[in-house]
Amino acid sequence: MSDAYIALADGRVLEARARAPGRTRGELVFTTAYTGYEESLTDPSYAEQILTFSYPLIGNYGVRTERFESESVQPRAAIARELTDDVAEWLTSEAVPAVDHVDTREIVTTVREEGAMACGIAAGPDVTPEDAVAEMEACEPMSDHVDIGAQVSVTEPTVHEGGGAADVAMLDCGAKGSIIASLTERGADVHVLPYDATPEDVAEIDPDVLFVSNGPGDPENFVAAQEVVDAFAGDLPMAGICLGQQVITSALGGSTEKMMFGHRGVNQPVKDLRSDKVVMTTQNHGYTVDDTGPLEVTQVNVNDDTVEGLDSEELDVITRQYHPEANPGPHDSLGFFDEVLELAEATPHVAAD
Ligand SMILES: NC(=O)CC[C@H](N)C(=O)O
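The numbering scheme is per chain: residues are counted from 1 as the chain's sequence reads. This being a predicted model, a pLDDT of at least 70 is required before a residue's local features are given, and a value of 80 or more before pairs of side-chain atoms are given or counted; all residues contribute to the totals for chains, interfaces and linings.

### Digging into the UniProt feature "active site" (unreviewed entry) in the chain
Consideration 1: UniProt positions are given in the numbering used here, feature names are shortened, and annotations may be inferred rather than shown by experiment. With numbering aligned to this structure, UniProt lists the feature "active site" (unreviewed entry) at Cys242, His323 and Glu325. Maximum C-alpha separation among the annotated residues is 11.3 Å over a sequence range of 84 residues, consistent with a single clustered spot.
Consideration 2: When you line up the elements, Cys242 lands in the loop between strand E14 (238-241) and helix H9 (243-251).
Consideration 3: Counting other C-beta atoms within 10 Å of each residue's C-beta, where C-beta atoms are placed from the backbone, gives the exposure class: buried for 20 or more, exposed for 12 or fewer, partly exposed between. The exposure class assigned to Cys242 is buried, which follows from the 27 C-beta atoms found within 10 Å.
Consideration 4: A pair of residues counts as a contact when their C-beta atoms, built from backbone coordinates, are separated by no more than 7 Å. Not counting the four nearest positions on each side in its chain, Cys242 is found in contact with Ser45, Asn214, His285, Gln321 and His323.
Consideration 5: Setting aside its immediate chain neighbours within four residues, His323 contacts Ile241, Cys242, Thr281, Thr282, Gln283, Asn284 and Gly329. A run of DSSP states H or I qualifies as a helix once it reaches four residues; a run of E qualifies as a strand once it reaches two. Both are numbered from the N-terminal end.

Right under this line is the structure:
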């Protein structure tokens, strides 16, 4: 008898071992990252998802809060071939269900062939396969989580001082801590605003650059952030990472679409079209820009040609689909933050009309 079950939308129920008890549901995704489980498990972009690790052993170098990207565990549940006691205890204390002793290759190939899908988990003494199926059946599509920003954003404006080299107004749609740190380390003061901040809130800061953070779910649901981008387009330099790229593009007249299973890992090759160089990048996204609107494609994914970087000299915009802050992952693309600071210093302060 198993003490954990994973129910998939295609009707299968997999047996597993409970490592942190509970019942839950979410969109089933996988990451191929072989390190960085603490960063992934605290990345707010994983809200409402169940994260499968394709790397078989997760937890082999402990759990340290210095490596966290936010204050809590963000995916609804974790699945691995083998979770160490350290990770199991951490997830138990955070009340996030976790299971292991399951064939994660089967889960990964299923998601690759059928797409990210609804999933239910039931773990702990006395659970039944039907419990997991009931969870899976109650799982809503990601785009139905219309106010997902409220789960991951600050509720009050917060300032992170970096020395006053520039004032960055950041719309916090679920920002990773290391994105803020990458800006403060370069001397910027980062004024973090709630995901539903208004153009007036941004104008009050009188920033040098508007930054739209990463975040979970469907970018089309971040309506307030799109309104802010629209209000300042052409007047204020802008930058964004991941959801930030998607929100900026949509607000400027482009559009996004859902990918079949997305990109999650630390070895995604990205080609810069201007220098012809390829760098390795960290990624975590399930949507992609399909119509770039007024923005020009500067970087593409070598595997599938999806848009990885955009800019507009006229509008003073630079964005990345991947994660240049590289937590976890290769440091090839850290220079993006220098470009953001250059953008910030290039233009005098303006206020919203
Ligand atoms: N890391 C992110 O910002 C993810 C963006 C968006 N939620 C997606 O899945 O595409």
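Alright, that's what it looks like, and here's the rest.
### Considerations on the sheet that holds strand E8 (residues 98-100)
Consideration 1: Pairing within the closed barrel is mixed, and its seven strands lie in the order E1-E2-E8-E6-E4-E3-E9. On average, each strand axis in the sheet is tilted by 35 degrees relative to the strand beside it, whichever way the strands run.
Consideration 2: DSSP bridges decide pairing: two strands pair if at least two such bridges lie between them. Note: strand E6 (residues 77-79) against E8, two bridges, orientation parallel. For Ala78, the partnering residue across the bridge sits in E8 and is Ala98.
Consideration 3: Helix axes use the C-alpha atoms of the stretch in contact, all axes being lines fitted to C-alpha atoms, and the angles between their N-to-C directions lie in the range 0 to 180 degrees. Strands in contact with helix H3 (residues 104-114) are strand E1 (4-8), strand E3 (22-31), strand E4 (49-53), E6 and strand E9 (117-123); relative to E3, the strand with the most contacts, it is inclined by about 70 degrees.

### Quick look at the site of the ligand
Consideration 1: The local shell around the ligand consists of Ser45, Asn214, Gly215, Pro216, Gly217, Pro219, Cys242, Leu243, Asn284, His285, Gly286 and Tyr287.
Consideration 2: Broken down by element, the shell around the ligand gets its largest block of residues, four residues, from strand E16 (residues 278-291).
Consideration 3: Polar here means any residue other than Ala, Val, Leu, Ile, Met, Phe, Trp, Tyr, Cys and Pro, which are nonpolar, and Asp, Glu, Lys and Arg, which are charged; Gly is therefore polar. Split into classes, the residues belonging to the shell around the ligand amount to five nonpolar, seven polar and no charged. Only the C-beta atom, placed from the backbone, is used; a residue is near a molecule or strand if that atom lies within 6 Å of it.

### Some details on unusual backbone geometry
Consideration 1: In the segment running from Asn327 into Pro328, the intervening peptide bond is cis, with an omega of 0 degrees.
Consideration 2: Within the secondary structure layout, Pro328 lies in the loop between strand E19 (317-320) and helix H10 (336-346).
Consideration 3: The phi dihedral of Ala95 falls on the positive side, at around 60 degrees, and the residue is not glycine.
Consideration 4: Position of Ala95 among the secondary structure elements: in the loop between helix H2 (85-93) and E8.
Consideration 5: Residues other than glycine seldom take positive phi values, yet Ala326 does so here, at roughly 60 degrees.
Consideration 6: According to the C-beta neighbour criterion, Ala326 is buried, with 21 such atoms within 10 Å.

### Observations regarding the sheet that holds strand E10 (residues 158-160)
Consideration 1: Strand order in the open sheet made by the ten strands is E10-E12-E11-E13-E14-E19-E18-E17-E15-E16, with mixed pairing throughout. The strands lining the two open edges of the sheet, one partner per strand, are E10 and E16. Recorded for the sheet is a direction-independent mean angle of 20 degrees between the axes of neighbouring strands.
Consideration 2: Note: strand E15 (residues 255-272) against E16, eleven bridges, orientation antiparallel. Residue Gly265 lies in a different strand from E16, and its bridge partner there is Gln283.
Consideration 3: Taken strand by strand, helix H8 (residues 223-232) contacts strand E11 (166-172), strand E13 (209-212) and E14, and its axis lies near 155 degrees from that of E13.

### Thoughts on the UniProt feature "binding site: L-glutamine" (unreviewed entry) in the chain
Consideration 1: Mapped onto the present numbering, the UniProt feature "binding site: L-glutamine" (unreviewed entry) falls at Ser45, Gly215, Gly217, Leu243, Gln246, Asn284, Gly286 and Tyr287. Considering the C-alpha atoms alone, the annotated residues occupy 243 residues of sequence yet fold into one spot, their largest mutual distance being 13.2 Å.
Consideration 2: Checked against the element boundaries, Asn284 lands in strand E16.
Consideration 3: With near-sequence residues (within four places) excluded, Asn284 lies in contact with Asp43, Ser45, Arg264 and His323.

### Considering the pairing of E16
Consideration 1: In terms of burial, E16 is largely enclosed, as ten of its 14 residues are buried.
Consideration 2: Count of turn residues in the E15/E16 antiparallel hairpin: five residues, of which Asp276 carries a positive phi of about 65 degrees.

### Regarding the domain arrangement of the chain
Consideration 1: Domain borders in the structure are assigned automatically or taken from a domain database. When cut into domains, the chain gives domain 1 (4-140) and domain 2 (149-346).
Consideration 2: Each of domain 1 and domain 2 has a C-alpha centre, and these two points are 27 Å apart.
Consideration 3: If you look at the interface, domain 1 gives 20 residues, while domain 2 gives 23 residues.
Consideration 4: Secondary structure elements with two or more residues in the side of domain 1 that touches domain 2: E3 and H3.
Consideration 5: If you tally residues by element for the side of domain 1 that touches domain 2, the top one is E3, at three residues.
Consideration 6: Here the side of domain 1 that touches domain 2 is composed, by residue class, of eight nonpolar, seven polar and five charged.

### Considerations on the packing of H8 against H9
Consideration 1: Put simply, H8 and H9 touch, their axes get as near as 8 Å, and they point 60 degrees apart. The orientation of H8 relative to H9 falls into the category oblique. Considering the relative orientation of H8 and H9, their crossing is right-handed. Contacts between H8 and H9 pair Ala225, Gln226, Val229 and Asp230 from the former with Val247, Ile248, Ser250 and Ala251 from the latter. Convention used here: angles under 35 degrees read as roughly parallel, angles over 145 as roughly antiparallel, angles from 65 to 115 as roughly perpendicular, and any remaining angle as oblique. It is the rotation of the near helix from the far one that decides the hand of a crossing: anticlockwise by less than a right angle makes it left-handed, clockwise makes it right-handed.

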